[in-house]
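What follows is each chain in one-letter form.
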Amino acid sequence: YKPLLLVLGDQLSLSLATLRDAPNNAVVALCEVSEEARYVPHHIHKIGLFMAAMRHFAQALRDKGYTVHYTRLDDPDNTHSLIEEAERIATQYGCSEIHVTRPGEWRLWDAMRQRQQATLPWQLIEDERFFTTPDDFAHWAHGRKQLRLEYFYREQRKRTGLLMEGDAPAGGQWNFDHDNREPIDATLRFPALPQHTQDALTKEALNDAKRHFSDHMGSLDNFNLPVTRRQALVDLKHFLNHGLADFGRYQDAISDAAPFLYHSRLSAALNIGLLTPQEVCEAAEQQYYDGKAPLNAVEGFIRQILGWREYVRGLYWTHMPNYKRENRLGFERDLPAFYWDGNTDMRCLQRAIQMTIDNSYAHHIQRLMVTGNFALLCGVKPEALCDWYLAVYADACEWVELPNTLGMVLHADGGLMGSKPYCASGKYIDKMSDHCQHCRYSPKQVTGPKACPFNSLYWHFLETNAEQLNRNPRMKLIYGSLSRMKDEKREAMRQQAEQFLASLPTSQGYGQAHHT
Ligand code: FAD
Ligand code: DLZ
Ligand code: SF4
């Protein structure tokens, strides 16, 4: 008995189940493979993050006394596929089996599962780095007519005791969302960010990423993602001291100038395993008990991690592979080409996309209400939009990206993620942001050459999807307004929207946008 312990790029935690009770003869493998960098054209920061963090983690394992085989991208015998690399290395070291913790994407899990009975058998281990397992979620969901985040979240609060006073929620309420909807305010000063130093190992990894993937989105010149646990802890501490107290109030605000506002920027570190969700939630809770952050901020923050993050993961694993094929609103449009280069005169979209190109990051409301909302109103097909979100964000792994994009943004899952689509007109963006004052369009006009495209697209979306949506009780009010509108007005809006849609430059993907 001699196991090969395969550690994937998003499993960089010393507490990983794969590593527990490893026998002395075990070989740990980490593999840089081009297949994982290219199956969607990932942002260069994301590739740099994985390569630098994997190399540092391999070093940390060696320091702890593990025998580590590390495949570099340039190794001459690299097969460039995770499965083939693991089997090649296992054979090379004379291993009798391969152990791996549940990967973050179904395609890999399925490929590994199919090898459980092979001559070199794979053994899949449950990932314990979350508050819940897919089985826990399935158990909770069993027999429920409707799945709703709020009920799942309350159960997790009770189970973990986070922000609980006995059996009751701290402050007497489960949810303080009504305090968390303040728009952008020109007087706000956002915290300056910690700048991480790049040691030789990081520099070398970033150079390798640059050499191989310079045609991908972004530039490594301003790379500032945490690549070690120590750097991730610096970001955590910085957020607790400088961001958390205002996180709640401005959670939904959008700024024309500031990409991060009071958001934590911890998603990438959490998703690759440099931080645990437990330690992050407990640290935030402590700020509340120490009187350093108000309850609406701390509760709002914990709900994102203990609630949404676990909920989307549960949905993903209990509904794949069928989830990925869902398209309940029947969308067929390709992605507008400017999603890859930001070349649009719609200011809100231009800023959200440019910030994405700069940082491999956009905050939740930009993803949901700007790039997401626009794609929903235009009817972009789920496959194209999901590939884009998976490629461009450093925190994107399919278990979390897919339910957010296909479910929350495109309402393609029949309402598992949200009871209604998050569709909105230019009025919403104007209320929450300071974009419109810099835009050539006016959010107050619905038709005419200066009209904000979101406005006519919004009504057009409601009209074209009425059959699916007008019986939804939460959409009743808005369909009431639509039906009271004069025919001429409806016709003018329809024409405005259709003209706009016909003029949209579409792309089949990154290659086409950039190389033709
Ligand atoms: P904060 O605003 O500081 O929130 C704190 C933490 O809560 C985040 O780090 C994250 O771990 C968690 N969180 C917040 N919202 C969600 C959510 N809706 N689902 C799951 N976790 C959440 N998040 C990813 O981690 N990876 C993705 O690939 C991803 N794709 C998304 C795609 C779309 C279309 C949308 C609308 C959202 C997506 N999100 C994704 C969720 C969310 O936008 C990001 O987690 C968040 O913007 C990351 O920034 P932050 O760390 O500053 O978050
Ligand atoms: C995203 C990514 C990239 C760019 N590179 C690698 C890699 O070289 N090796 C690796 O193990 N993982 C990488 N990943 C993450 C994978 O695509 C995938 O999401 C996870 O391995 C699933 O657990
Ligand atoms: Fe965006 Fe419309 Fe405002 Fe321009 S006017 S920034 S397109 S919401």
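Residues numbered from 1 in each chain as written. Chains lettered and ligands numbered in written order. Predicted model: local features only at pLDDT ≥ 70, side-chain atom pairs only at ≥ 80, totals over all residues.

A. Layout of the overall build of the protein. Broken down by element type, the protein carries 22 helices and nine strands. The C-alpha radius of gyration of the protein comes to 23 Å, within 12% of the 24 Å expected for a compact globule of 516 residues. In terms of its C-alpha atoms, the protein occupies a principal-axis envelope of roughly 75 × 60 × 45 Å. Out of the 516 residues in the protein, the part that is buried amounts to 46%. Within the protein, residue pairs in contact and separated by at least 24 positions form 75% of the contacts whose partners lie at least 6 positions apart. (Helix = DSSP H or I, 4+ residues; strand = E, 2+ residues; numbered from the N terminus. Rg over C-alpha atoms; globule rule 2.2 N^0.38 Å. Buried ≥ 20, exposed ≤ 12 C-beta atoms within 10 Å, placed from the backbone. Contact = placed C-beta atoms within 7 Å.)

B. Molecular detail of the sheet that holds strand 2 (residues 27-31). Read across the open sheet, the five strands follow the order 3-2-1-4-5; overall the sheet is parallel. Two strands close off the open sheet at either side, each with one partner strand: strand 3 (67-71) and strand 5 (122-125). Each strand axis lies, on average, 25° off the axis of its neighbour in the sheet, ignoring direction. (Pairing = 2+ DSSP bridges. Axes fitted to C-alpha atoms, helices over the stretch in contact; angles between N-to-C directions.)

C. The site of ligand 3, seen in detail. For ligand 3, the set of nearby residues contains 13 residues, the closest of which are Cys-348, Gly-426, Cys-436, Cys-439 and Cys-452. Elements supplying a minimum of two residues to the shell around ligand 3: helix 13 (347-359) and helix 17 (426-432). Examining the composition of the shell around ligand 3, we find that three residues originate from one element, helix 17, more than from any other. Its residues placed into classes, the shell around ligand 3 shows nine nonpolar, two polar and two charged. (Near = placed C-beta within 6 Å. Nonpolar A, V, L, I, M, F, W, Y, C, P; charged D, E, K, R; others polar.)

D. A look at the packing of helix 2 (residues 44-63) against helix 7 (residues 200-213). Following both chains from N to C, one finds helix 2 and helix 7 inclined at 140°, their axes separated by 9 Å at the closest point. Taken together, the axes of helix 2 and helix 7 are oblique relative to one another. Crossing of helix 2 against helix 7: the hand is right-handed. In this structure, helix 2 uses Ile-44, Ile-47, Gly-48, Met-51, Ala-52, Arg-55, His-56 and Gln-59 to contact helix 7, whose residues at the interface are Leu-201, Thr-202, Ala-205, Leu-206, Asp-208, Ala-209 and Phe-213. Looking at the contact of helix 2 with helix 7 residue by residue, the class counts come to nine nonpolar, four polar and two charged. (Parallel < 35°, antiparallel > 145°, perpendicular 65-115°, else oblique. Left-handed = near helix turned anticlockwise from the far one by under 90°.)

E. Just the packing of helix 18 (residues 453-464) against helix 21 (residues 487-503), in detail. In contact at an axis separation of 8 Å, helix 18 and helix 21 are set at 105° when each is read in the N-to-C sense. Our classification of the angle between helix 18 and helix 21 gives roughly perpendicular. Of the residues in helix 21, those in contact with Pro-453, Ser-456, Leu-457, Trp-459, His-460 and Glu-463 of helix 18 are Met-493, Arg-494, Gln-496, Ala-497 and Phe-500. Class assignment for the residues of the contact of helix 18 with helix 21 results in six nonpolar, three polar and two charged.

F. Structural view of the site of ligand 1. Around ligand 1 there are 28 residues in total, and His-263, Ser-264, Gln-304, Ala-396 and Glu-401 lie nearest to it. For the shell around ligand 1, the secondary-structure elements that each account for two or more residues are helix 10 (267-272), helix 12 (295-319), helix 14 (364-378) and helix 16 (398-409). Here the shell around ligand 1 is built from residues that sort into 13 nonpolar, 10 polar and five charged.

G. Geometry of the domain arrangement of the protein. When cut into domains, the protein gives domain 1 (3-125), domain 2 (134-191 + 201-215 + 227-319) and domain 3 (335-515). Placing a centre on the C-alpha atoms of domain 1 and another on those of domain 2 gives a separation of 28 Å. Taken residue by residue, the interface counts 18 residues in domain 1 and 15 residues in domain 2. Residue contributions to the side of domain 1 that touches domain 2 peak at 10 residues, all from helix 2. (Domains from an automatic or database assignment.)

H. Highlighting the environment of Ala-205. Relative to the assigned elements, Ala-205 resides in helix 7. On a C-alpha basis, the gap between Ala-205 and Cys-439 in space is 40 Å, while along the polypeptide they are 234 residues apart. In this structure Ala-205 touches Gly-48, Met-51, Ala-52 and Arg-55, once residues within four positions along its chain are discounted.

I. Region of the structure containing the nonpolar core. Ranked by internal contacts, the top residues of the largest apolar core, which has 143 residues, are Leu-4, Ala-29 and Ala-53. It is helix 2 that contributes the most residues to this core, 11 residues altogether. When sequence neighbours within four positions are dropped, the list of residues in contact with Ala-53 reads Leu-12, Val-227, Ile-272 and Leu-274. (Core = buried A, V, L, I, M, F, W, Y, C linked by C-beta atoms within 7 Å.)

J. Region of interest: the pairing of strand 2. Counting buried positions along strand 2 yields five of five residues, so the element is predominantly enclosed. Residues Val-27, Ala-29 and Cys-31 point to one face of strand 2 and Val-28 and Leu-30 to the other, with burial holding for every one of them. Pairing of strand 1 (residues 3-6) with strand 2, which is carried by three bridges, proceeds in the parallel orientation. The residue of strand 2 that forms the bridge with Leu-4 is Val-27. Examined bridge by bridge, strand 2 and strand 3 share five bridges and lie parallel to one another. By the bridge assignment for strand 3, Ala-29 is matched with His-69.

K. Just unusual backbone geometry, in detail. Put simply, Met-320 and Pro-321 share a cis peptide bond, and its omega is 5°. Considering the arrangement of structural elements, one finds Pro-321 in the loop between helix 12 and strand 8 (335-336). For Leu-261, which is not glycine, the phi torsion reads 50° and is therefore positive. Relative to the helices and strands, Leu-261 resides in the loop between helix 9 (244-247) and helix 10. In this structure Leu-261 comes out as buried when scored by C-beta crowding, with 20 C-beta atoms within 10 Å. Not every positive phi belongs to a glycine, and Arg-265 is a case in point at roughly 55°.

L. Representation of the environment of Val-380 within the structure. The residue Val-380 is located in the loop between helix 14 and helix 15 (382-392) in this model. The spacing of Val-380 and Thr-506 is 126 residues in sequence and 10.0 Å in space, taken between C-alpha atoms. When sequence neighbours within four positions are dropped, the list of residues in contact with Val-380 reads Phe-331, Arg-333, Leu-335, Ala-375 and Leu-385.

M. Main features of the confidence of the model for the protein. The predicted model of the protein has a mean per-residue pLDDT of 96, with 98% of residues at 70 or higher. Counting interchain partners and residues more than four positions distant, the pLDDT-below-50 stretch residues 512-516 has six contacts. (pLDDT = per-residue confidence, 0-100.)

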